[in-house]
Each structure stands twice: as C-alpha cells, then as structure tokens.
Amino acid sequence: MNYDTFINLLFSRVKRADVTLALVVLNAIIFALLAAMAMNPMQIPSDLLIRFGGNFAPLVQKGQEWRLFTAMFLHGGLLHVGLNMFALYQAGQVVERLFGRAGFAVIYLGAGLVGNLASLWWRQGPVSV
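As the structure is a computational prediction, the values presented were derived from the model and not from experiment.

**Side note on the overall build of the protein chain**
Line of reasoning, step 1. Check the secondary structure of the protein chain and you find six helices and zero strands.
Line of reasoning, step 2. Along the chain direction, N to C, the helices and strands of the protein chain fall in the order α-α-α-α-α-α.
Line of reasoning, step 3. Its C-alpha atoms put the protein chain at 50 × 30 × 20 Å along the principal axes.
Line of reasoning, step 4. In the protein chain, buried positions account for 33% of the 129 residues.
Line of reasoning, step 5. Carbon and sulfur atoms provide 69% of the accessible area of the protein chain, an area that totals close to 7900 Å².
Line of reasoning, step 6. Of the charged side chains in the protein chain, 9 are positive and 5 negative, and the gap between their average positions amounts to 2 Å.

In structure tokens, the structure reads:
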C-alpha cells in the first residue's frame, strides 16, 4: 500500500477529526479561564489546580476519584497546554481516523486515567495535571 492509498483510506473513514478538535477547544477554554483567574498564563498555581480538580493524592485517597478524570483537562502553564494541544491535534488527526470517533474517545480517556493512576503511584506529594 502506498502513501496516497493510506491517506485516502484514513480520510474515507472519518472526514474530519471532530473529537480531536473538540478536545483541543475544551482544553484551551479551561486553560484560558484558569489563566485569567491566576492572572498569569505562564504558571497556574497549585492551589488553583487543586480547586479545579487536579490529581492530588490526599484528596483522591479520601474518595475524590473524579479527580483522575478532571485532571486530564488541566494544564500548569502556557507552554504545557501549548505543547500538549499541538501533540493532541497532530496525533489525534491520525488516531481518530484509524479508530473512529468513539474509539479515539475511549483511547484518550483510558490513556488519561491510566496516566493519572500512574502519577499517583509514582509521586504522591505534588498536584498532577
């Protein structure tokens, strides 16, 4: 299979990577709100990240498991969100077309949850986003 055939197959399955775009927009909106509250887009304070659902071991261990989900949409600063959204947009275009919209959403959420669990196991002190 040549390159053009592969690209045509990808685009025939999913014309537009709507889930990818929605995730990028959602993450950008959440970051913009936090940056405005922090009045500093370069670094979002840990206490603000914790208030908005950052993955913080003492709270997760007290029953706030929802933080494993919400932390997927938080970023610690402009460089963090910028690089993550660039990578998400680039990789998401391909992965969403390979696995379909629902498959990509499952992969994204599953990888985020596993990553947040690994973060709790690896370092329990700081807030993780």
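**Some remarks on the environment of Phe-86**
Line of reasoning, step 1. Structurally, Phe-86 can be placed in helix H6 (residues 78–122).
Line of reasoning, step 2. Accessibility expressed as a relative area gives 54% for Phe-86, which makes it exposed.
Line of reasoning, step 3. On a C-alpha basis, the gap between Phe-86 and Phe-99 in space is 20 Å, while along the polypeptide they are 13 residues apart.

**Comments concerning the side chain of Thr-20**
Line of reasoning, step 1. The residue Thr-20 is located in helix H2 (residues 18–38) in this model.
Line of reasoning, step 2. At a separation of 3.2 Å, a polar atom in the side chain of Thr-20 contacts the main-chain carbonyl oxygen of Gly-92.
Line of reasoning, step 3. Residues in contact with Thr-20, not counting those within four places in the same chain, are Leu-88, Tyr-89, Gly-92, Gln-93, Glu-96 and Phe-104.

**Some remarks on a nonpolar patch on the surface**
Line of reasoning, step 1. Among the surface-exposed residues, Met-1, Phe-6, Leu-9, Val-94, Leu-98, Phe-99 and Ile-107 lie close enough to one another that they form a single nonpolar patch of about 670 Å² accessible area.
Line of reasoning, step 2. Listing elements by their share of the nonpolar patch, those giving two or more residues are helix H1 (3–13) and H6.
Line of reasoning, step 3. Among the elements that make up the nonpolar patch, the one with the highest residue count is H6 (four residues).
Line of reasoning, step 4. Within the element layout of this structure, Phe-99 appears in helix H6.

**Some remarks on unusual backbone geometry**
Line of reasoning, step 1. Positioned with a positive phi, Met-39 is a non-glycine residue whose angle comes to about 55°.
Line of reasoning, step 2. Inspection of the secondary structure puts Met-39 in the loop between H2 and helix H3 (46–51).
Line of reasoning, step 3. You can call Met-39 exposed: its relative accessible area is 75%.

**Here's the deal with H6**
Line of reasoning, step 1. In this model, H6 (45 residues) spans only 25 Å end to end at C-alpha, well below the 66 Å of a helix rising 1.5 Å per residue.
Line of reasoning, step 2. Largest kink in H6: about 120°, centred on Gly-100.

Definitions and limits used
- Residues numbered from 1 in each chain as written.
- Predicted model: local features only at pLDDT ≥ 70, side-chain atom pairs only at ≥ 80, totals over all residues.
- Heavy atoms only, no water.
- Helix = DSSP H or I, 4+ residues; strand = E, 2+ residues; numbered from the N terminus.
- Buried < 20%, exposed > 50% of the residue type's maximum accessible area, 1.4 Å probe, protein only.
- Areas by Shrake-Rupley, 256 points an atom, 1.4 Å probe, with all protein chains shown as cover.
- Lys, Arg positive; Asp, Glu negative; His and termini not counted.
- Charge placed at Lys NZ, Arg CZ, Asp CG, Glu CD.
- Polar contact = N/O pair within 3.5 Å; in protein donor to acceptor, adjacent residues only side chain to side chain.
- Contact = heavy atoms within 4.5 Å.
- Patch = residues over 30% accessible without salt bridge, like charges linked within 9 Å, V, L, I, M, F, W, Y side chains within 5 Å.
- Salt bridge = Lys/Arg side-chain N within 4 Å of Asp/Glu carboxyl O.
- Expected span 1.5 Å × (residues − 1).
- Bend = angle between axes of the 7 residues up to and from the residue.

As far as function goes, none of this settles anything; it's purely spatial.
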